[in-house]
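Analysis of the macromolecular model
Here are the chains, one letter per residue:
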Amino acid sequence: MALKYDVTEKEIYDLNPKAKGSLLQLNQVIKVPNKKFKPKEKKEKVADKGKKEIKEKESKEKITKKEVVAEVKEAFITHLVERKETLYSISKKYGVTMETLCELNPELKTANLKVGAKLKLPASNKEASVEKAEGEAQDVVAVKVEEVKSVGAEATTDVMHKVLPKETLFRISKQYGVTINDLKKLNPSINNELPVGFDLVIKKATTQTISNTADVASKEVDAPVDDEDEVRDVPDGNREKADFLINKASENLGARYRSGGTSPAGFDCSGLMFSTFKNIDMTLPRSSHEMATIGYKIGKKQAQKGDLIFFSTFGRGRISHVGMITEIVDDEIKFIHSSTGSGVIVSSTKEPYYQRTFVQINRVLVE
């Protein structure tokens, strides 16, 4: 909604305080700031001249409103879904995220992509020639974007962040693209609750060049990661894919277990993973044992959302069950899977059964 009307989320929350932290309901009325709006001047009671001026202002406002509607229409284009197209392939074709596609087309959240359906897409920079709004809010956003970019580049000084009210480690880590564990290591004096005004170290100064970093990254893909290694984050593109896959798999929560099943009518463990990864044009093998050979093994400390986690539920060390990691909280790993007893659910490695039968974790989202 913020993208559609060219405003920030904060501006929408300021006008709709009750909407913060809650899910939007169908047909719910949301107030959105109109940056084109100009308050009417007070009407003069005196002369006909004043009445003419008022009419002129009203006509100008009507023209302005029409221009706003025209700009909104020009800012979007329509795509007709063809055979074998997926959300992932369409998002790559137009250079938008899958989350943006779902936001602009709410029906995708409750139904699958259908051939012939018309999807609303943001126009490219050349097609959407809408003027940028002026104001402090956008200046702040621009500054934040530059700060986030600077974290990934070569830094000659420490990257710092002053903690604002109601900010959390999770929110700050997402803002700068770092992990919570990294922040805790750089700031050993903090707890989960951050003091307002605290100068948080985001990244230490380094002289390492970007090319060297790229070389190291390419080597890491080739070799398995050990538990003792420093925790690293996955690339932004993979994080986006992981969130999308988790949302897709979560749509099937509560579906019953069905041996050989790959549809909402029923899934087995590998069937749930098989159908979920199909949404990003990735075809996995049809058994958990074969899936364990895809990608590369990583240690528990390296686990990230979107990784596959394997178990030996029949004993003897042979892999017979698979799930996808949805969340990591300290040393606890949560994963979505289809269990024989409860169907599609979210479980934890803290549960004794899965502690005992755990075998390995594989990273299959590799760019």
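Structure report, in brief. What you are looking at is a predicted structure, and each value in this text was computed from that prediction instead of being measured.

1. Details of the overall build of the chain
Within the chain one finds 13 helices and 12 strands. Across the chain, the fraction of contacts at a sequence separation of at least 24, relative to all contacts at a separation of at least 6, is 58%. Surface accessibility of the chain: about 23600 Å² in total, with carbon and sulfur atoms responsible for 53%.

2. Quick word on the pairing of strand β11 (residues 343-348)
In this sheet, β11 lies alongside strand β10 (residues 332-339) in antiparallel orientation, the contact comprising 6 bridges. Looking at the pairing, His-337 lines up with Ile-345 of β11. Between β10 and β11, which pair antiparallel one after the other, the connecting turn spans 3 residues.

3. Regarding helix α11 (residues 269-277)
Burial analysis of α11 places 9 of its 9 residues in the buried class, which makes it a mostly covered element. Where α11 is concerned, the buried positions are Cys-269, Ser-270, Gly-271, Leu-272, Met-273, Phe-274, Ser-275, Thr-276 and Phe-277.

4. Some words on the packing of aromatic side chains
A full pass over the atoms with the stated rule returns 5 aromatic pairs. Centroid distance Phe-335 to Tyr-354: 5.2 Å. Interplanar angle 85°. Geometry classified as edge-to-face. With Phe-335 in strand β10 and Tyr-354 in helix α13 (residues 352-357), this pair connects stretches of sequence that are 19 residues apart. Here Phe-335 and Tyr-354 have matching classes, each one buried. Overall, the relative accessible area of 9% leaves Tyr-354 in the buried class. Each member of the aromatic cluster is reached from another via a ring pair, and the members are Phe-311, Phe-335, Tyr-353, Tyr-354 and Phe-358.

Rules used in this analysis
- Residues numbered from 1 in each chain as written.
- Predicted model: local features only at pLDDT ≥ 70, side-chain atom pairs only at ≥ 80, totals over all residues.
- Heavy atoms only, no water.
- Helix = DSSP H or I, 4+ residues; strand = E, 2+ residues; numbered from the N terminus.
- Contact = heavy atoms within 4.5 Å.
- Areas by Shrake-Rupley, 256 points an atom, 1.4 Å probe, with all protein chains shown as cover.
- Pairing = 2+ DSSP bridges.
- Buried < 20%, exposed > 50% of the residue type's maximum accessible area, 1.4 Å probe, protein only.
- Phe/Tyr/Trp six-rings, centres within 6.5 Å; stacked < 30°, edge-to-face > 60°.

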